[in-house]
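Here is how the chains run, residue by residue.
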Amino acid sequence: MEHTEQEQNEQTVQTANDIASNIPAPTANGDIRFVWKLKGTGKKSRQQVIEECIKGQPVFIICDSNGANCMVITEEGEEIGRLNERDSKTYHEFVEKRPYHIYIKRIRFDIDKPRVKILLIVHQEPPYPLNELHTTP
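Nothing here was measured: the structure is a model prediction, and the numbers come from that model.

(A) Local environment of the packing of aromatic side chains. On inspection of all chains with the given rule, the structure shows three aromatic pairs. Pairing Phe34 with Phe94 gives two aromatic rings, centres 6.2 Å apart and planes at 65°, and the pair type is edge-to-face. In this pair, Phe34 sits in strand E1 (residues 32-37) while Phe94 sits in helix H3 (residues 85-95), placing the two residues 60 residues apart along the sequence. You'll find Phe34 and Phe94 in the same group, each marked buried. Ring geometry for Tyr91 versus Tyr100: centroids 5.8 Å apart, planes at 85°, classification edge-to-face.

Laid out in structure tokens, this is it:
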């Protein structure tokens, strides 16, 4: 049984290392910027939604409980695409726990299907936990 636990610990360390290697360096203000290409943008229902989207439009990511399946939706709740497995893991393990904003960075309409990239900005964490704010009376 210890062997299985050791394997799980090694897998956890490997996953943490994989995620850390995918995280870009922070900008001067401490924000971390990700640019992710969406998959599944060729489906007819998604193409119609994407045609109505514009660059700079805010979007949202929703995932299943283990973070393996993440989709990108508009403010109206319509799906425009999905994150690949690596980006889903990075989102679930790193981004989701921090303050962030997501926007459409680029939409290109090709012959087969549109190509959509999103810009995800993870904001620098406050130097102290928000629940520990102290005010003077």
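(B) Summary view of the sheet that holds E1. Strands sit in the order E1-E6-E5 across an open sheet of three strands; the sheet is antiparallel. Either end of the sheet is taken by a strand with one partner, and the two such strands are E1 and strand E5 (100-109). Strand-to-strand twist across the sheet, computed as the mean angle between neighbouring axes with direction ignored, equals 20°. One ladder, built from nine bridges, connects E5 with strand E6 (residues 114-122); its direction is antiparallel. By the bridge assignment for E6, Ile107 is matched with Val116.

(C) Broad picture of the side chain of Arg46. Along the chain, Arg46 turns up in helix H2 (residues 44-51). We classify Arg46 as buried; its relative accessible area is 6%.

(D) Examining H3 more closely. Listed as buried for H3 are Asp87, Ser88, Thr90, Tyr91, His92, Phe94 and Val95. Capping the start of H3 is the job of one residue whose side-chain oxygen sits 3.2 Å from the backbone nitrogen of Arg86: Asn84.

Definitions and limits used
- Residues numbered from 1 in each chain as written.
- Predicted model: local features only at pLDDT ≥ 70, side-chain atom pairs only at ≥ 80, totals over all residues.
- Heavy atoms only, no water.
- Phe/Tyr/Trp six-rings, centres within 6.5 Å; stacked < 30°, edge-to-face > 60°.
- Helix = DSSP H or I, 4+ residues; strand = E, 2+ residues; numbered from the N terminus.
- Buried < 20%, exposed > 50% of the residue type's maximum accessible area, 1.4 Å probe, protein only.
- Pairing = 2+ DSSP bridges.
- Axes fitted to C-alpha atoms, helices over the stretch in contact; angles between N-to-C directions.
- Polar contact = N/O pair within 3.5 Å; in protein donor to acceptor, adjacent residues only side chain to side chain.

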